[in-house]
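Structural overview
The lines below spell out each chain.
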Amino acid sequence: MAAELGKRVLILERRPHLGGNAYSEFDAETGIEVHKYGTHLFHTSNEKVWEYVNRFTTFTNYQHKVFGKYQGQVYSLPMNLALINQFFGKAHTPDEARALIADQASEINTEDARNLEEKAISLIGRPLYEAFIKGYTAKQWQTDPTELSAEIITRLPVRYTFDNRYFNDAYEGLPTDGYTAWLTRMADHPNIEVRVGVDFFDVAEDYKGKVPIIYTGPVDEYFHNVEGRLSWRTVDLKQETLDVDDYQGTGVVNANDPEVPFTRELEFKHLHPERAATYKKGRSIVVREYSRFAEEGDEPYYPINTAEDREKLLKYRDLAKAEPMVLFGGRLGTYKYLDMHMAIASALSMYENKIRPHFADGAAFASGGVDE
């Protein structure tokens, strides 16, 4: 809007910094870049998104790989031939592994699955489900998988190769000089003003109905929860600086054992191995993630999206379309689980389809957007 349309843009950010959950900062003691709201990993196959983000940063060649700890052993994820061979204690060819999993999954027909547990077993079999899905899912949702809807999982991919690259997108990497530098450059334009530490609702009456607004907070909060609060998951992050040079040998290790209270451990120095010379020797930063239901005042992370939530969301969509000159975007504004590249694609689409036609061509300003 600033660069192509020459419009003045005001960004209001409730937090004391730019960037929302993607914000990162360098720890003064260790030199390690810490993602303050959990690990953010950039990947996309969308050429338009890739071209856009490269206007503001270059990317490293980092490829994300995840491991899972279960009963004192560490396995390579996603589930692949290495995991199958290690878990079952035998070398399998791809065809042998495929036949093994098919046999174990035959216990339950996918069409007959009544809950998440049965659906998962029908896809990958009971042994792999109980080791790598059951405990992790119970912690992630604070609910026994037998009480979760089968619709939550559409598939559980198993790779019958040794490929353990977590994402399959054409482009992947991390901002060379960090997320905050990238986002700061994005807002660095003479037509853009940034005000941090400002809650939109404290100043909303100054702007509502007077200028177009793009709102990226929780859609239910915007309407004062008139149709009821939508349900969210949140994450508690416990950070610790350890007197070790390397704690776990990789960036992310899932905790699959149900008795371990956290869902995963993050060690940020492994996200940027090219910076190794700048890190303080003998020190590392580890963050443990604890997932739980969000309560009032908590930071919402993931939409739970129950049938009741979807019913409420339809009502909020109607309210959003009737709200003068307001577009709703982002994970919170759309009540959708959007990865970073998806949020960017959605924003670019909103600009192309709603904002630019209004300013450049005089099209009517169509409010809403929670269903984008």
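Since the model is a prediction, treat every value here as computed from it, not as a measurement.

**Focus: the nonpolar core**
General note: in soluble globular proteins, nonpolar side chains tend to be found buried as a group. Counting 70 residues, the largest nonpolar core has F42, V53, W182 and I344 as the members making the most contacts within it. In this structure, this core is formed jointly by two domains, domain 1 (9-24 + 40-59 + 169-231 + 300-361) and domain 2 (79-152), each of which donates at least three residues. Excluding residues that lie within four positions of it along the chain, W182 makes contacts with F42, V53, F56, T57, F59, P175, M340 and I344.

**Brief notes about the domain arrangement of the chain**
Segmentation of the chain into domains returns domain 1 (9-24 + 40-59 + 169-231 + 300-361) and domain 2 (79-152). Inter-centroid distance (C-alpha atoms) of domain 1 to domain 2 is 35 Å.

**With respect to the packing of aromatic side chains**
What the rule picks out here adds up to 29 aromatic pairs. Ring geometry for F87 versus F88: centroids 5.0 Å apart, planes at 90°, classification edge-to-face. Seen from their ring centres, F201 and Y215 are 5.9 Å apart, and the 65° between their planes marks the pair as edge-to-face. Here Y215 lies in strand β9 (residues 213-215) and F201 lies in helix α9 (residues 200-203), a separation of 14 residues in the sequence. Members of the aromatic cluster, each reached through a chain of ring pairs, are F200, F201, Y215, Y222, F223, Y316 and F328.

**Comments concerning the pairing of strand β5 (residues 66-70)**
Residues V66, G68 and Y70 of β5 are buried on one face, while the alternating residues F67 and K69, pointing to the opposite face, are not. Here β5 hands over to strand β6 (residues 73-77) after two residues, with Q71 in that stretch at a positive phi of 50°. Where β5 lies against strand β11 (residues 252-255), four bridges are found, and the strand directions are parallel. Considered in β11, the bridge of F67 is made with V253.

**Here's the deal with the sheet that holds β11**
Taking strand neighbours across the sheet as the criterion, the seven strands line up as β6-β5-β11-β12-β13-β10-β14 in an open arrangement whose pairing is mixed. Two strands bound the open sheet, and with one partner strand each, they are β6 and β14 (302-303). Pairing of β11 with strand β12 (residues 264-267), which is carried by three bridges, proceeds in the antiparallel orientation. Counterpart to V253 in the pairing with β12 is E265. The strands that helix α3 (residues 81-88) touches are β5 and β6; relative to β6, the one it contacts most, it runs at about 155°.

**A word on the pattern of salt bridges**
Applying the stated criterion across every chain yields a total of 26 salt bridges. A salt bridge links E33 to R275; its shortest N-O distance comes to 2.8 Å. Of this pair, E33 sits in strand β3 (residues 33-35) while R275 is found in the loop between β12 and β13 (284-293), placing the two residues 242 residues apart along the sequence. Owing to a relative accessible area of 2%, E33 belongs among the buried residues under this scheme.

**Details of the environment of K354**
By secondary structure assignment, the location of K354 is in helix α13 (residues 340-361). Each C-alpha atom, one on K354 and one on S367, is 8.6 Å from the other, the two residues being 13 residues apart in sequence.

**Points about the UniProt feature "domain: UDP-galactopyranose mutase C-terminal" (unreviewed entry) in the chain**
Following the UniProt record, the feature "domain: UDP-galactopyranose mutase C-terminal" (unreviewed entry) maps to residues 131-337 here. Across residues 131-337 one finds 23% helix and 22% strand; the C-alpha atoms that close the span lie 25 Å apart.

**Let's talk about unusual backbone geometry**
The omega angle of the peptide bond from L77 to P78 is -5°, so this bond is cis rather than trans. Counting through the fold element by element, P78 comes out in the loop between β6 and α3. One non-glycine residue, Q142, lies in the positive phi region at around 55°. For Q142, the position within the fold is in the loop between α7 (134-141) and β7 (171-173). Given a relative accessible area of 43%, Q142 falls into the partly exposed group. Although it is not a glycine, Y335 sits at a positive phi angle of roughly 55°.

**Points about the side chain of S291**
On the secondary structure map, S291 appears in strand β13. In this structure the side chain of S291 is engaged in a polar contact, spanning 2.8 Å, whose partner is the backbone oxygen of Q140. At a separation of 2.9 Å, a polar atom in the side chain of S291 contacts the side chain of R233. Residues in contact with S291, not counting those within four places in the same chain, are K139, Q140, Q142, R233, T234 and T263.

**A few points about the packing of α3 against helix α4 (residues 94-105)**
As a packed pair, α3 and α4 sit with axes 11 Å apart at the nearest point and diverge in direction by 70°. Relative to α4, the element α3 is oriented roughly perpendicular. The element α3 and its partner α4 pack so that their crossing is left-handed. From α3, L81, I84 and F88 reach across to α4, where they touch P94, A97, L100, I101 and Q104. Considering only residue class, the contact of α3 with α4 consists of seven nonpolar, one polar and no charged.

**Examining the environment of R229**
Within the secondary structure, R229 sits in the loop between α10 (219-222) and β10 (232-242). Residues R229 and K312, spaced 83 residues apart in sequence, show a C-alpha to C-alpha distance of 8.3 Å. Aside from chain neighbours lying at most four places away, what touches R229 is D220, E295, E296, D309 and K312.

**Quick word on α13**
Counted at 1.5 Å a residue, the expected span for α13 with its 22 residues is 32 Å, and the 30 Å between its end C-alpha atoms agrees. Turning to α13, its buried residues are M340, H341, I344, S346, L348, M350, Y351, K354, I355 and P357. One or two positions beyond α13, positive phi appears at G362, with a value near 80°.

What counts and what doesn't
- Residues numbered from 1 in each chain as written.
- Predicted model: local features only at pLDDT ≥ 70, side-chain atom pairs only at ≥ 80, totals over all residues.
- Heavy atoms only, no water.
- Core = buried A, V, L, I, M, F, W, Y, C linked by side-chain atoms within 4.5 Å.
- Buried < 20%, exposed > 50% of the residue type's maximum accessible area, 1.4 Å probe, protein only.
- Domains from an automatic or database assignment.
- Contact = heavy atoms within 4.5 Å.
- Phe/Tyr/Trp six-rings, centres within 6.5 Å; stacked < 30°, edge-to-face > 60°.
- Helix = DSSP H or I, 4+ residues; strand = E, 2+ residues; numbered from the N terminus.
- Pairing = 2+ DSSP bridges.
- Axes fitted to C-alpha atoms, helices over the stretch in contact; angles between N-to-C directions.
- Salt bridge = Lys/Arg side-chain N within 4 Å of Asp/Glu carboxyl O.
- UniProt positions renumbered as here; feature names shortened; annotations may be inferred.
- Polar contact = N/O pair within 3.5 Å; in protein donor to acceptor, adjacent residues only side chain to side chain.
- Parallel < 35°, antiparallel > 145°, perpendicular 65-115°, else oblique.
- Left-handed = near helix turned anticlockwise from the far one by under 90°.
- Nonpolar A, V, L, I, M, F, W, Y, C, P; charged D, E, K, R; others polar.
- Expected span 1.5 Å × (residues − 1).

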